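What follows is the residue order along each chain.
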Amino acid sequence: MPHFERLDSIPQRAMAVSAHPDDTELNAGATVAKWIAAGCEVILAVCTDGAAGVAEPGLTSGNVVQTRRAEQQAAARRLGVHKLVMLGLPDGGLDDTTEFRGLIVELIRRYRPNIVLTHDPCRHREFSHRDHRIAGTVVKDAIYPYARDRLHYPGHIRQGLAPHKVEQLLLWESDDPGIIVDVSGYIDVQAAALRCHETQLAGLPCGPNPESWLLNRAAAAAQAESFEAGETFRRLLAP
Ligand SMILES: [Zn+2]
């Protein structure tokens, strides 16, 4: 069991970017809750509208979008995030485009996070959702070089937004995690936030009662550590 490098410092501002409603809560919810409790300002951006996320017959995609938006708003409140941004892009339809990258660059330049959390786009041991891979790639590119360099997306600069350098990118669901955050005491908040995504629970790996699944996963991650519960990430330091 590997020892991970511990990330103990609390960023001043962090931004989590998920492909779908519920991804951040499932993969980094305890870290986000811990940082917020310690005074970090957290922005949560959700790229898609989640329209493909419910299989119940009788629900139209319009109903689903409304429901998932309300669920995401409740989950964000439960975590205590300071700003929720829902980009409303089509579920299952994310593409690595100039426009999508520009939306993320604009968020980075507007909210100026020290740390960004998102999907690891480079998984090689398991299947991953295409939206997760695309979101991870676009966020990584948006941080470097696009948000940092003023000649990219100059329209933002004309609107008064300054270029911004993100310091660290933390990638969740990684095949090669190297960083662990001690989240002991924050799994209950993570579980409560995840339970807000009522329509999703049955289809998530944690099932309808997320606490024990999340606790087991966090305990397994922290098996070789001196604390009880951890969330792991692959970290890239931005140039
Ligand atoms: Zn997802």
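Look a little higher up for the structure.
All values reported here derive from a predicted model rather than from experimental measurement.

Criteria and cut-off values
- Residues numbered from 1 in each chain as written.
- Predicted model: local features only at pLDDT ≥ 70, side-chain atom pairs only at ≥ 80, totals over all residues.
- Helix = DSSP H or I, 4+ residues; strand = E, 2+ residues; numbered from the N terminus.
- Rg over C-alpha atoms; globule rule 2.2 N^0.38 Å.
- Buried ≥ 20, exposed ≤ 12 C-beta atoms within 10 Å, placed from the backbone.
- Contact = placed C-beta atoms within 7 Å.
- Pairing = 2+ DSSP bridges.
- Right-handed = clockwise from strand over helix to strand, strands pointing away.
- Axes fitted to C-alpha atoms, helices over the stretch in contact; angles between N-to-C directions.
- Left-handed = near helix turned anticlockwise from the far one by under 90°.
- Nonpolar A, V, L, I, M, F, W, Y, C, P; charged D, E, K, R; others polar.
- Parallel < 35°, antiparallel > 145°, perpendicular 65-115°, else oblique.
- Expected span 1.5 Å × (residues − 1).
- Arc of directions from axis to C-beta.

Colleague: What is the right way to read the overall build of the chain from this model?
Modeller: Looking only at helices and strands, one finds seven helices and eight strands in the chain. Taking 2.2 N^0.38 as the reference for a compact globule, 239 residues should give roughly 18 Å; the C-alpha atoms of the chain span a radius of gyration of 17 Å, in line with that estimate. Along the three orthogonal principal directions, the C-alpha set of the chain runs to about 50 × 50 × 35 Å. A burial count over the chain gives 45% of its 239 residues as buried. A separation threshold of at least 6 residues defines the contact pool for the chain, and within that pool the share at least 24 residues apart is 78%.

Colleague: Help me understand unusual backbone geometry in this model?
Modeller: Residues apart from glycine generally show negative phi values, whereas peptide bonds are mostly found in trans. Cis geometry is found at the peptide bond from Tyr 144 to Pro 145, where omega equals 5°. Relative to the elements of secondary structure, Pro 145 occurs in helix α4 (residues 130-147). Unusually for a residue other than glycine, Asp 22 sits at a positive phi of about 95°. Note on placement: Asp 22 falls in the loop between β2 (13-18) and α1 (23-37). With 26 C-beta atoms packed within 10 Å, Asp 22 lands in the buried category. The backbone of Glu 173 sits at a positive phi, close to 55°, despite the residue not being glycine. Topologically, Glu 173 is positioned in the loop between β6 (168-172) and β7 (179-182).

Colleague: Would you take a moment to explain the pairing of β2 for this structure?
Modeller: The element β2 is largely enclosed, with a buried count of five among its six residues. By the bridge criterion, six bridges tie β2 to strand β3 (residues 41-48) in an arrangement that is parallel. Each bridged residue has a counterpart across the sheet, and for Met 15 the counterpart in β3 is Ile 43. Note that the unit made of β2, α1 and β3 has a crossover that is right-handed.

Colleague: I tried to follow the packing of helix α3 (residues 98-111) against α4 on my own but got confused; where do I start?
Modeller: Look at α3 against α4: their axes get within 9 Å of each other, and the N-to-C directions meet at 65°. Here the hand of the crossing between α3 and α4 comes out right-handed. Note on element contacts: α4 touches α3 through Val 138, Val 139, Asp 141, Ala 142, Ile 143, Tyr 146 and Ala 147, opposite Phe 100, Arg 101, Ile 104, Val 105, Ile 108 and Arg 109. When the residues that make up the contact of α3 with α4 are grouped by side-chain class, the tally is ten nonpolar, no polar and three charged.

Colleague: Can you help me understand the environment of Ile 115 in this one?
Modeller: With respect to the helices and strands, the residue Ile 115 is situated in strand β5 (residues 115-119). In sequence terms Ile 115 and Leu 169 are 54 residues apart; their C-alpha atoms lie 5.8 Å from each other. Once residues within four sequence positions are removed from consideration, Ile 115 is found in contact with Pro 11, Ala 14, Glu 167, Gln 168 and Leu 170.

Colleague: I keep staring at the packing of helix α2 (residues 61-79) against helix α6 (residues 187-195) and nothing clicks. Help me out?
Modeller: Packed helix pairs are specified by the crossing angle of their axes together with the interaxial distance, meaning the distance between the axes. Running from N to C, α2 and α6 point in directions that differ by 165°, and their axes come no closer than 8 Å. As judged from the angle between their axes, α2 and α6 are roughly antiparallel. In this structure, α2 crosses over α6, and the sense of that crossing is right-handed. Contacts from Ala 75, Arg 78 and Leu 79 of α2 reach α6 at Val 189, Ala 192 and Ala 193. Class assignment of the residues belonging to the contact of α2 with α6 gives a composition of five nonpolar, no polar and one charged.

Colleague: Got a minute to help me understand helix α7 (residues 210-221) in this structure?
Modeller: Residues spaced three or four apart along an α-helix face the same direction, because each turn holds 3.6 residues. With twelve residues, α7 ought to run about 16 Å at 1.5 Å a step, and its terminal C-alpha atoms sit 16 Å apart, in line with that. Within the span of α7, buried status applies to Pro 210, Leu 214, Arg 217 and Ala 218. All buried residues of α7 lie within an arc of 95° about the axis, which places them on one face of the element. Exposed side of α7, more than 90 degrees from the buried face: Ser 212 and Ala 220 are the residues found there. Where the residues of α7 are buried, they touch α1, α6 and β8 (230-237).

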